[in-house]
Amino acid sequence: MAEYLLRIEGVNLSGFIEDTEDLSTIRGGSLLLLEAPARLARQYRDLSVVSTAASIGIFSFDAANDAAAEAKRKAVAEFLTIDDELQYATFVVDVAPNDPAHFQTSLETVTAKNRWRQFQQPTVVYPPENGNNDVKACDLDRIRPGTVGEDRHDEKIKISKSVKARRKHGYGRKQTFYKETLAKCSDELFDKKFVHEFEELTALKDTSDPLHHKMAVIYADGNGFGKFRRMCQTADEMRVFSECLQRYQAQALKTLLAWMNQPSDYRKTPDGKYRLETLLWGGDEIIWVVPAGIGWEVLAGLFQQVETWSALLDE
């Protein structure tokens, strides 16, 4: 038996996250990619998670030879094309032998295979052939056939199966995402509620406030994380790094949510819902949306949290 690395990555994100302006669809696409590695780990118990970051999952596994490893790659790729929700995203899946003495070389090899595969496949998942000339484009993505009925803001619309799957997932995971993320750093039960629409997020009691219906979009993209990962000389070291980074991110979210729970019209709606939206979460990237009145304060709080992350290198 020999050890292999298997790397998956959700690619061509514009066709799965950025193709609509619907909040639940955007959230659903982002979270589905984030959850893809965990779904694979549940499906294939012989895959050992090395690292997960945004749409990327790196696993190690044992196989008798290259042919057996390729069979595993094909099985994983097939799973991603038949999953009820992930089938609408484009993934690349590749394997490469892992030489424990040269782990980074093995990782670069499987990553290069991913890039080569991405160049050779379509950038979108084609919808099933439609023979009905009366079917119009999806009301939300404006591209795919709108074949599924949906209620939105008391309006009947027609959307594609891809948008339907992502929108449903994004709406359902709105609340549970925070609970599961905080479980990584706390035993406390989190049961708060969040707004579902940007209009609700930005609507203030004082409609004369200049910041009424104004929002702040906070995009954090960490610098140097690739360098830190390249410092990992073994799969175990990368596994520890990935798990530690996720705990730090969860702690940052916990601190933000505790701050959002304080009395303030900018932080909570009159019925107590948090005015916070997480559009991207994973790896070294985060996108938060908050009312414009607290944008700078949230950003300052994030920097204060990140300043404590230097201990990551010592773990």
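Every value quoted in this text rests on a predicted model; they were computed, and no experiment measured them.

### Notes on the side chain of Ser-60
Position of Ser-60 among the secondary structure elements: in strand 3 (residues 56-63). Note on Ser-60: relative accessible area 6%, which makes it buried. Setting aside chain neighbours within four positions, we find Ser-60 in contact with Glu-3, Tyr-4, Leu-5, Asp-46, Leu-47, Ser-48, Val-50 and Arg-239.

### A short note on the environment of Leu-182
Tracing the chain through its elements places Leu-182 in helix 4 (residues 161-182). Taking the C-alpha atoms as reference, Leu-182 lies 7.4 Å from Leu-253; in sequence the two are 71 residues apart. Once residues within four sequence positions are removed from consideration, Leu-182 is found in contact with Phe-190, Ala-250, Leu-253, Lys-254 and Leu-257.

### What to know about the sheet that holds strand 8 (residues 277-282)
Spatially, the three strands line up as an open sheet ordered 7-9-8, and their pairing is antiparallel. On the outer flanks of this sheet lie strand 7 (215-221) and strand 8, each paired with one strand and no other. The mean angle between the axes of side-by-side strands here comes to 10°, regardless of whether they run parallel or antiparallel. Where strand 8 and strand 9 (residues 285-291) come together, five bridges link them in antiparallel fashion. The residue bridging Thr-278 from the neighbouring strand is Trp-288, located in strand 9.

### Comments concerning the nonpolar core
Most often, soluble globular proteins keep nonpolar side chains buried together rather than apart. Residues Leu-6, Leu-40, Phe-61, Val-76 and Leu-80 are the most contacted members of the largest nonpolar core, which totals 34 residues. When residues of this core are traced back to their parent elements, those giving at least two are strand 1 (2-11), helix 1 (23-43), strand 3, helix 2 (66-82), strand 4 (90-97), strand 8 and strand 9. Discounting residues that sit within four places of it in the chain, Leu-40 has contacts with Ile-8, Leu-47, Phe-59, Val-76, Phe-79 and Leu-80. Counting residues in hydrophobic clusters, the runner-up holds 22 residues, among them Leu-31, Trp-259, Trp-288 and Ile-294.

### Let's talk about the pattern of salt bridges
Counting across every chain of the model gives 23 salt bridges. In this structure, Glu-9 and Arg-115 form a salt bridge, with 3.0 Å as the shortest nitrogen-oxygen distance. Note that Glu-9 is positioned in strand 1 and Arg-115 in helix 3 (residues 103-120), a separation of 106 residues in sequence. A salt bridge links Arg-173 to Glu-180; the shortest N-O distance between them is 3.1 Å. With a relative accessible area of 14%, Arg-173 lands in the buried category. Judged by its relative accessible area of 47%, Glu-180 is partly exposed.

Rules and cut-offs
Residues numbered from 1 in each chain as written. Predicted model: local features only at pLDDT ≥ 70, side-chain atom pairs only at ≥ 80, totals over all residues. Heavy atoms only, no water. Helix = DSSP H or I, 4+ residues; strand = E, 2+ residues; numbered from the N terminus. Buried < 20%, exposed > 50% of the residue type's maximum accessible area, 1.4 Å probe, protein only. Contact = heavy atoms within 4.5 Å. Pairing = 2+ DSSP bridges. Axes fitted to C-alpha atoms, helices over the stretch in contact; angles between N-to-C directions. Core = buried A, V, L, I, M, F, W, Y, C linked by side-chain atoms within 4.5 Å. Salt bridge = Lys/Arg side-chain N within 4 Å of Asp/Glu carboxyl O.

Remember that the coordinates give geometry; whether it matters functionally is a separate question.
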